[in-house]
Amino acid sequence: MKDIRGQTTPHLLDRTDRRILEALQDDAALSNQTLAERVGLSPSPCLRRVRALEEAGIILGRVALLDGRRLGLELTALIHIGMDRHTPERFASFEEAVAGYPEVQRCFLITGQAADYLLQVVVPDMDAYQDFLLRRVTRLEGVSSVHSSFVLRRVVDRTALPLNYLSG
């Protein structure tokens, strides 16, 4: 929702909406019947609520989470990228390029660091990382610095948002 100044305001959710979102964050593959039972609704009203949450842009989609290690994707790198110029065109070009790289799991435009972007990248091993870095990232126009860190262990790794902050 947008307020009168065009700022995004939180969508008002009731307790049942929050319970639906919590259940779907836990398991997006729930059937409508099972979801309805979990949140204490009959199937039709439950489906209407889910569709309303989708139409409001709160539910963006549903995905299957895969175990990268079981698929041979052993190395996660965090890459701080510095740009040579801070222009909308330069940033847009960089963002479009990295959005097309399947290795890039997340790309953040950041502040407060000696970098402009933080990328989370997943690859099979160090050789694949070196190839990705040298053949793709460092060849992007405007990239002036690259600093990499490697994940040793995932201590907290969740996709669920903290819904406890929602009122209602």
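Residues numbered from 1 in each chain as written. Predicted model: local features only at pLDDT ≥ 70, side-chain atom pairs only at ≥ 80, totals over all residues. Heavy atoms only, no water.

(A) Molecular detail of the sheet that holds strand β4 (residues 143–150). Across the sheet, which stays open at both edges, the four strands sit in the order β2-β3-β1-β4 with antiparallel pairing between neighbours. At either end of the open sheet lies a strand with only one pairing partner, and these are β2 (104–109) and β4. Averaged over all pairs of adjacent strands, the angle between strand axes in this sheet comes to 20°, irrespective of strand direction. In this sheet, strand β3 (residues 117–123) lies alongside β2 in antiparallel orientation, the contact comprising five bridges. Looking at β3, one finds that Cys107 is bridged to Leu119. Contacting β1 (75–83), β2, β3 and β4, helix α4 (residues 88–99) crosses the sheet at an angle of about 15° to β3. Sheet contacts for helix α5 (residues 126–135): β1, β2, β3 and β4; angle to β1, the most-contacted strand, approximately 20°. (Pairing = 2+ DSSP bridges. Helix = DSSP H or I, 4+ residues; strand = E, 2+ residues; numbered from the N terminus. Axes fitted to C-alpha atoms, helices over the stretch in contact; angles between N-to-C directions. Contact = heavy atoms within 4.5 Å.)

(B) The packing of aromatic side chains, seen in detail. Here the structure, examined in full by the defined rule, presents four aromatic pairs. Arranged with centres 5.1 Å apart and planes meeting at 85°, the rings of Tyr129 and Phe150 form a pair that is edge-to-face. Here Phe150 lies in strand β4 and Tyr129 lies in helix α5, a separation of 21 residues in the sequence. The exposure class of Tyr129 is buried, given its relative accessible area of 4%. Judged by its relative accessible area of 33%, Phe150 is partly exposed. These aromatic residues form a ring-pair network of at least three members: Phe91, Phe94 and Tyr117. Directly above the aromatic system of Tyr101 lies the positively charged group of Arg136, at a separation of 5.0 Å from the ring centroid. (Phe/Tyr/Trp six-rings, centres within 6.5 Å; stacked < 30°, edge-to-face > 60°. Buried < 20%, exposed > 50% of the residue type's maximum accessible area, 1.4 Å probe, protein only. Lys NZ or Arg CZ within 6 Å of the ring centre and 35° of its normal.)

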